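Summary of structural features
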Amino acid sequence: MTSVPNLEKNLAQAEELIDLSVRQGAELIGLPENFPFLGEEVDKITQAETIALESQQFLKKMAQRHQITILGGGFPVPVEQCTKVYNTALLINSNGQVVSYYHKVHLFDVDVPDGNTYQESSTVMAGKEIPKVCSFPDLGNIGISVCYDVRFPEFYRQMSYQGMDVIFVPAAFTAFTGKDHWRVLLQARAIENTCYVIAPAQTGTHYARRQTHGHAMIIDPWGVILADAGEKPGVAIAEINFSRLEQVRRQMPSLQHRVFG
Ligand SMILES: O=C(O)CNC(=O)[C@H](CS)NC(=O)CCC(=O)C(=O)O
């Protein structure tokens, strides 16, 4: 997606892309970080309550309408008694029920060498918990992470202990870091945890000088890229194949050879 500082426009864009992927047979769908709003921090905070409410309603509506499981996020959810928000991702089942949620733990406080400064912690309250890996009969055990988390392998290892087969990494990766790090980090997480990686992404120019890398992708447990949405808004679609997953885990049993946890 190329989300902009306009909630209604972004939800319309997401709806189109969901329709497109359902028509191609998708049963599990992910939307990128900031899918409902990507703009100035101050506007995000002012509109947080509306963004949170409408995003949740939207995700439930899409899940029920199409009978799909859907991961949305992260998006801002106000923290009680506080001006900050959680950067929250929601996993919703095909009945429209929230089955797992995650408040982003690692916040992006980084001066990127391209001149952009990010201080996510100035508006976002860090989550403290590893998300619950959720089990689905046809989709396997699904874990959740968001964007900058992808740089912290120990976080994913914790979800591996819960039997993770598929991990979501919705992101708004900067164009500057993305060109060198995005694909490599995602492939590393897939290979070391022998799991599928589904990484929905923001792409293009959003507002002011904010540019993201794009390349939403799906990676298999061997590290092979199964689908890459490229640089334009669109969809990446692939099959989760459990016999392939078991085959790779037999061929490369590294998860069973852990020594230090
Ligand atoms: O740019 C914006 O306004 C929106 N971006 C975001 O909301 C988030 C937090 S600032 N971006 C990342 O986590 C980028 C990580 C990243 O790019 C890396 O780890 O290299």
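Residues numbered from 1 in each chain as written. Predicted model: local features only at pLDDT ≥ 70, side-chain atom pairs only at ≥ 80, totals over all residues. Heavy atoms only, no water.

As named in an unreviewed UniProt entry, the protein is Possible nitrilase, taken from Richelia intracellularis HH01. For the protein, the Sequence similarities (unreviewed entry) comment in UniProt is given as "Belongs to the carbon-nitrogen hydrolase superfamily. NIT1/NIT2 family." (UniProt positions renumbered as here; feature names shortened; annotations may be inferred.)

If you walk across this open sheet you meet the 6 strands as 7-8-9-10-13-14, and the pairing is mixed. Unpaired on one side and paired on the other, strand 7 (134-136) and strand 14 (225-228) mark the two borders of the sheet. Direction aside, neighbouring strands of the sheet carry axes that sit 20 degrees apart on average. Of the strand pairs in this sheet, strand 8 (residues 140-144) and strand 9 (residues 166-168) are connected by 3 bridges, and their pairing is parallel. The partner of Ile-142 across the bridge, within strand 9, is Val-166. Packing of helix 5 (residues 175-192) onto the sheet brings it into contact with strand 10 (196-199), strand 13 (217-219) and strand 14, and relative to strand 13 it is tilted by some 30 degrees. (Pairing = 2+ DSSP bridges. Helix = DSSP H or I, 4+ residues; strand = E, 2+ residues; numbered from the N terminus. Axes fitted to C-alpha atoms, helices over the stretch in contact; angles between N-to-C directions. Contact = heavy atoms within 4.5 Å.)

Below, the discussion takes up the site of the ligand. What surrounds the ligand is a group of 16 residues, the closest being Asn-34, Lys-104, Arg-151, Thr-174 and Thr-177. Interatomic distance of 2.9 Å between a side-chain N/O atom of Lys-104 and an oxygen atom of the ligand. Taking Thr-174, its main chain carries an N or O atom lying 2.9 Å from an oxygen atom of the ligand. In isolation the ligand has 500 Å² of accessible area, and contact with the protein removes 95% of it. Per-class residue counts for the shell around the ligand are 8 nonpolar, 3 polar and 5 charged. (Near = heavy atom within 4 Å. Polar contact = N/O pair within 3.5 Å; in protein donor to acceptor, adjacent residues only side chain to side chain. Areas by Shrake-Rupley, 256 points an atom, 1.4 Å probe, with all protein chains shown as cover. Nonpolar A, V, L, I, M, F, W, Y, C, P; charged D, E, K, R; others polar.)

What follows covers the environment of Thr-174. Examined against the element boundaries, Thr-174 turns out to sit in the loop between strand 9 and helix 5. Classification of Thr-174 by relative accessible area gives buried; the value is 4%. Considering only alpha carbons, one finds Thr-174 and Val-112, 62 residues apart in sequence, at a separation of 8.6 Å. Within the structure, Thr-174 has its side chain in polar contact with the side chain of Thr-177 (distance 2.5 Å). (Buried < 20%, exposed > 50% of the residue type's maximum accessible area, 1.4 Å probe, protein only.)

The description of two helices packed together rests on the angle between their axes and the distance between the axes. Relative orientation of the contacting elements helix 1 (residues 7-23) and helix 3 (residues 48-66) amounts to 20 degrees, with a least axis distance of 11 Å. Considered as vectors, helix 1 and helix 3 are oriented roughly parallel to each other. Here the hand of the crossing between helix 1 and helix 3 comes out right-handed. Seen from helix 1, the contacting residues are Leu-7, Glu-8, Leu-11, Ala-14, Glu-15, Ile-18, Asp-19 and Val-22; seen from helix 3, they are Thr-50, Ile-51, Glu-54, Ser-55, Phe-58, Met-62, Arg-65 and His-66. (Parallel < 35°, antiparallel > 145°, perpendicular 65-115°, else oblique. Left-handed = near helix turned anticlockwise from the far one by under 90°.)

Side-chain pairing between opposite charges can occur once the charged atoms of the two side chains come close. The full count for this structure, using the stated rule, is 8 salt bridges. With a closest N to O distance of 3.0 Å, Arg-65 and Glu-15 form a salt bridge. Remark: Glu-15 occurs in helix 1 and Arg-65 occurs in helix 3; sequence separation between them is 50 residues. For Lys-179, the salt bridge identified is with Asp-180, shortest N-O distance 3.2 Å. On the basis of relative accessibility, which here comes to 48%, the residue Lys-179 falls in the partly exposed class. (Salt bridge = Lys/Arg side-chain N within 4 Å of Asp/Glu carboxyl O.)

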